[in-house]
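# Working through the structure, step by step
Below are the chains, spelled out letter by letter.
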Amino acid sequence: MKTDVEIQKDVMEELKWEPLLTAAEIGVAVKNRVVTLSGTVDSYYKKEEAENAAKRVSGVMAVAEDIEVKPFATAKKNDTEIARIIADTLKWDSLVQEDKIRVKVEDSWVTLEGNVDWEFQKDSVKNSIKNLIGIRGVSNNITVKPSVTAKDIKQKISLAFHRSATIDASKVEIEIEGSKAILSGRVRSWSEKNDAEDAAWKAQGITTIENKLVIDSGVYVY
């Protein structure tokens, strides 16, 4: 098992490996395999990419993210300008049903609301706007309306796990409670845990995922 010092070194290297980030802007602290990121970046997208980079490192159990977004003075926009840019952006994204989405901007923080049929549609809205200039953060409160049975959801998630090259489906258990998927079992890395959750989110009708998967590289013997 990696020590905290080894995890810290690997996270710092992963941040350097990410071309969108300037690693010197981001501080990395590790205690009991929990990574805390700090510092200041000029866009919300970079903040999210830093968190994703840390999660990709093996041995990381959780990530606490204290990075602050401060756009350059020349990139600052008022809330009305940001709202207008978001409306135009969503209008041109073919994956987004912009007529079902409501957008509120307050102090450069964007709140998304509305109803969609699939989780990927909810994600598409956020992905369309997260790299826009001037945004400090995004609260994605869009609701996914379930329209399929629990049995169908479980079967489709299970089949997705078996098709995946990165997920050992034999070590992941799936339980469906209404529109919530509960994942349990053991995985080899944060990446496999994340891949399993991402696959489950693609099932129609899922609105919540409880990821109880435990990261344990020792469960495999080579």
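Attention here is on the structure that accompanies the text.

Rules of the game
- Residues numbered from 1 in each chain as written.
- Predicted model: local features only at pLDDT ≥ 70, side-chain atom pairs only at ≥ 80, totals over all residues.
- Heavy atoms only, no water.
- Salt bridge = Lys/Arg side-chain N within 4 Å of Asp/Glu carboxyl O.
- Buried < 20%, exposed > 50% of the residue type's maximum accessible area, 1.4 Å probe, protein only.
- Helix = DSSP H or I, 4+ residues; strand = E, 2+ residues; numbered from the N terminus.
- Axes fitted to C-alpha atoms, helices over the stretch in contact; angles between N-to-C directions.
- Parallel < 35°, antiparallel > 145°, perpendicular 65-115°, else oblique.
- Left-handed = near helix turned anticlockwise from the far one by under 90°.
- Contact = heavy atoms within 4.5 Å.
- Nonpolar A, V, L, I, M, F, W, Y, C, P; charged D, E, K, R; others polar.
- Pairing = 2+ DSSP bridges.
- Phe/Tyr/Trp six-rings, centres within 6.5 Å; stacked < 30°, edge-to-face > 60°.
- Lys NZ or Arg CZ within 6 Å of the ring centre and 35° of its normal.
- Core = buried A, V, L, I, M, F, W, Y, C linked by side-chain atoms within 4.5 Å.
- Lys, Arg positive; Asp, Glu negative; His and termini not counted.
- Polar contact = N/O pair within 3.5 Å; in protein donor to acceptor, adjacent residues only side chain to side chain.

Further remarks concern the pattern of salt bridges. Following the criterion strictly, the structure yields 17 salt bridges and no others. For Glu192, the salt bridge identified is with Arg188, shortest N-O distance 2.9 Å. Taking relative accessible area as the criterion, Arg188 reaches 29% and is therefore assigned partly exposed. Counted as one network, the salt bridges with shared partners bring together Glu177, Lys180, Glu210 and Lys212.

With that settled, the discussion passes to the environment of Ala150. With respect to the helices, strands and loops of the structure, Ala150 is situated in helix 5 (residues 150–163). C-alpha separation for the pair Ala150 and Thr207, spaced 57 residues apart in sequence, amounts to 12 Å.

Interaxial distance between helix 3 (residues 79–91) and helix 4 (residues 119–129) falls to 10 Å at its minimum, and their mutual angle equals 125 degrees. Between helix 3 and helix 4, the angle falls in the class oblique. Our pair here, helix 3 against helix 4, has a crossing hand that is right-handed. The residues of helix 4 that touch helix 3, namely those facing Ile86, Thr89 and Leu90, are Val125, Ser128 and Ile129. Looking at the contact of helix 3 with helix 4 residue by residue, the classes come out as four nonpolar, two polar and no charged.

The three strands lie next to each other as 1-2-3, forming an open sheet whose pairing is mixed. The strands lining the two open edges of the sheet, one partner per strand, are strand 1 (26–31) and strand 3 (62–69). The mean inter-strand angle of the sheet, taken between neighbouring strand axes irrespective of direction, is 10 degrees. Summarising the sheet, strand 1 and strand 2 (residues 34–41) pair through six bridges and their orientation is antiparallel. By the bridge assignment, Gly27 is partnered in strand 2 with Ser38. Set on the sheet, helix 2 (residues 44–55) makes contact with strand 1, strand 2 and strand 3; between it and strand 3 the angle comes to about 160 degrees.

Another point: the packing of aromatic side chains. Following the criterion strictly, the structure yields zero aromatic pairs and no others. One Lys or Arg, Lys193, reaches over the ring of Trp190 and ends 5.3 Å from the middle of that ring.

Further remarks concern the environment of Arg84. With respect to the helices and strands, Arg84 occurs in helix 3. Of the residues examined, Arg84 reaches a relative accessible area of 47% and is grouped as partly exposed. Taking the C-alpha atoms as reference points, Arg84 and Ile167, separated by 83 residues in sequence, lie 41 Å from one another.

Moving on to the nonpolar core. A general tendency of soluble globular proteins is for nonpolar side chains to be buried together. Counting 21 residues, the largest nonpolar core has Ile157, Phe161, Ile176, Leu183, Ile206 and Ile209 as its most contacted members. Where this core is concerned, the elements lending two or more residues are helix 5, strand 8 (172–177), strand 9 (180–187) and helix 6 (190–201). If you tally residues by element for this core, the top one is helix 6, at five residues. In contact with Ile209, not counting residues within four places along its chain, are Ala181, Leu183, Glu197, Ala200 and Trp201.

Glancing now at the side chain of Lys193. With respect to the element layout, Lys193 can be found in helix 6. It is Glu197 that comes nearest to the buried, bridge-free Lys193 among opposite-charge side chains, at 6.6 Å. For Lys193, the side chain forms a polar contact with the main-chain oxygen of Leu213, separated by 3.4 Å.

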